[in-house]
Amino acid sequence: MEYKEAKIKFVQTWGALGNQWGINKTMAQIHALLMVSNQAISMEDIMDELQISRGNASMNLRALMDWGIVYKEYKAGERRDYFTAEQDLDELAVKIAKERSKREIKPALKILKEVSTIEADGTTEERHFINQTSKLYDFVLKADNMLEKATEFKDNWLGRLVIKIMK
C-alpha cells in the first residue's frame, strides 16, 4: 500500500470510528488528517483533501479547538489560518478524557444525584428506584474519580517517572 492510499484509509477509518465514539465523521476525519500531518495545514487544504465545505470545515475545526486537541497557527506573511493537532498521544488522551467527563459524565452525575434523592412515599417500586439510581450514581462517581486520578497522574513527578519507565 502506498502512502497516499494508507493516509486516505486511515482518515476514512478514523472518521467511521468517530461516529461510534459520539462525534461526527467530518470532525474525526479532520482530526485524523491533522494528527498524521508533519506540518500545519490550511483550512483550504483540509477542504480540498476531505471534499467538504468551508462552513463544515470551520465549524468542525472550531469544535476541535474547543476540545483543546487542535491549534490554530499563524504563518508570517500568510493570510490563511493553519491548523495542527496535538501530537503527544498521552496529552491527547488526557484532554479527550477530561472533555468527555465535562460534557458527558458530570451532567449524568448531576441527574443521577437529583433523581436518587427524591422524596418517596415508601412503596417498593420507589425504594427500588432510589436504590438503583443511588448505586448507579456511586458507580459513575467512582469511575469519574478514577478517570480524574488517571489524568492527574501524568502531571506529578511520580506519574512522569512511571510513564518514562514504561516507555
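Look above for the structure.
This section reports on the structure supplied with the text.

So, how was this worked out
Every chain's residues receive numbers from 1 upward, in the order its sequence appears when written. Only residues with pLDDT of at least 70 get local features here, since the model is predicted, and only at 80 or more are side-chain atom pairs given and counted; chain-wide, interface and lining totals rely on the full set of residues. In computing side-chain properties, one takes all heavy atoms of the structure into account and sets aside hydrogens as well as water. Aromatic pairing here means that ring centres of Phe, Tyr or Trp (its six-membered ring) are within 6.5 Å. Orientation follows from the plane angle: under 30 degrees is stacked, over 60 is edge-to-face, and everything else is tilted. Only protein chains enter the accessibility calculation, which uses a 1.4 Å probe; a residue is then buried when its area is under 20% of its type maximum, exposed when over 50%, and partly exposed in between. Placement of a charge over a ring requires the Lys NZ or Arg CZ to be within 6 Å of the ring centre, with the centre-to-atom vector within 35 degrees of the ring normal. Secondary structure elements are defined from DSSP: runs of H or I of at least 4 residues count as helices, runs of E of at least 2 residues count as strands, and each element is numbered from the N terminus. When DSSP finds at least two bridges between two strands, those strands are taken to pair. The contact criterion used is simple: two residues touch if any of their non-hydrogen atoms lie within 4.5 Å. Interaxial angle, 0 to 180 degrees, is taken between N-to-C directions of lines fitted to C-alpha atoms, where a helix line uses only the stretch in contact. A carboxyl oxygen of Asp or Glu within 4 Å of a side-chain nitrogen of Lys or Arg is what we treat as a salt bridge. By nonpolar core we mean a set of buried residues, namely Ala, Val, Leu, Ile, Met, Phe, Trp, Tyr and Cys, connected to one another through side-chain atoms within 4.5 Å.

1. Details of the packing of aromatic side chains
The full count for this structure, using the stated rule, is two aromatic pairs. Measuring from ring centre to ring centre gives 5.2 Å for W14 and W21, while their planes differ by 80°; the resulting arrangement is edge-to-face. Judged by its relative accessible area of 37%, W21 falls in the partly exposed class. Directly above the ring of Y82 sits K75, whose terminal nitrogen or CZ lies 4.2 Å from the centroid.

2. So, unusual backbone geometry
Positive phi is not limited to glycine here, since Q51 has a value of about 55°. Its place among the elements puts Q51 in the loop between α3 (43-50) and α4 (54-67). Owing to a relative accessible area of 68%, Q51 belongs among the exposed residues under this scheme.

3. Topic: the environment of F139
In this fold, F139 is placed in helix α6 (residues 124-153). For F139, a relative accessible area of 59% translates into the label exposed. F139 sits 30 residues away from L109 along the chain, and the two C-alpha atoms are 9.9 Å apart.

4. Here's the deal with the sheet that holds strand β3 (residues 82-85)
Judged by pairing direction, the sheet is antiparallel, and its three strands sit side by side in the order β1-β3-β2 without closing on themselves. A strand with exactly one partner marks an edge of an open sheet, and here the two such strands are β1 (41-42) and β2 (70-73). Looking at chain direction, β1 and β3 are connected through two bridges and run antiparallel. Paired with S42 across the bridge in β3 is Y82. Of the strands in this sheet, β1, β2 and β3 are in contact with helix α2 (residues 25-35), which crosses β3 at around 85°.

5. Notes on the pattern of salt bridges
All told, the structure shown has ten salt bridges when counted by the stated rule. Two residues, E49 and K7, come together in a salt bridge whose shortest N-O distance is 3.7 Å. Here E49, found in helix α3, pairs with K7, found in helix α1 (residues 3-21); they are 42 residues apart in sequence, far enough to count as distant. Under the relative-accessibility criterion, E49 is labelled partly exposed at 40%. The exposure class of K7 is buried, given its relative accessible area of 19%. A salt bridge links E148 to K106, with the nearest nitrogen and oxygen atoms 2.9 Å apart. Pair noted here: E148 is in helix α6 and K106 is in helix α5 (residues 89-116), with a separation of 42 residues, a long-range link. Using a relative accessible area of 34% as the deciding quantity, one classes E148 as partly exposed. Several salt bridges share partner residues, and in doing so they unite E44, R54 and R80 into one network.

6. Examining the nonpolar core
The biggest cluster of nonpolar side chains holds 22 residues, and the ones touching the most others in it are I30, L34, I46 and L61. If you list the elements that add at least two residues to this core, you get α2, α3, α4 and β3. Look past the residues within four positions of I30 in its chain and what remains in contact with it is I46, L50, I52, A57, N60, L61 and L64.

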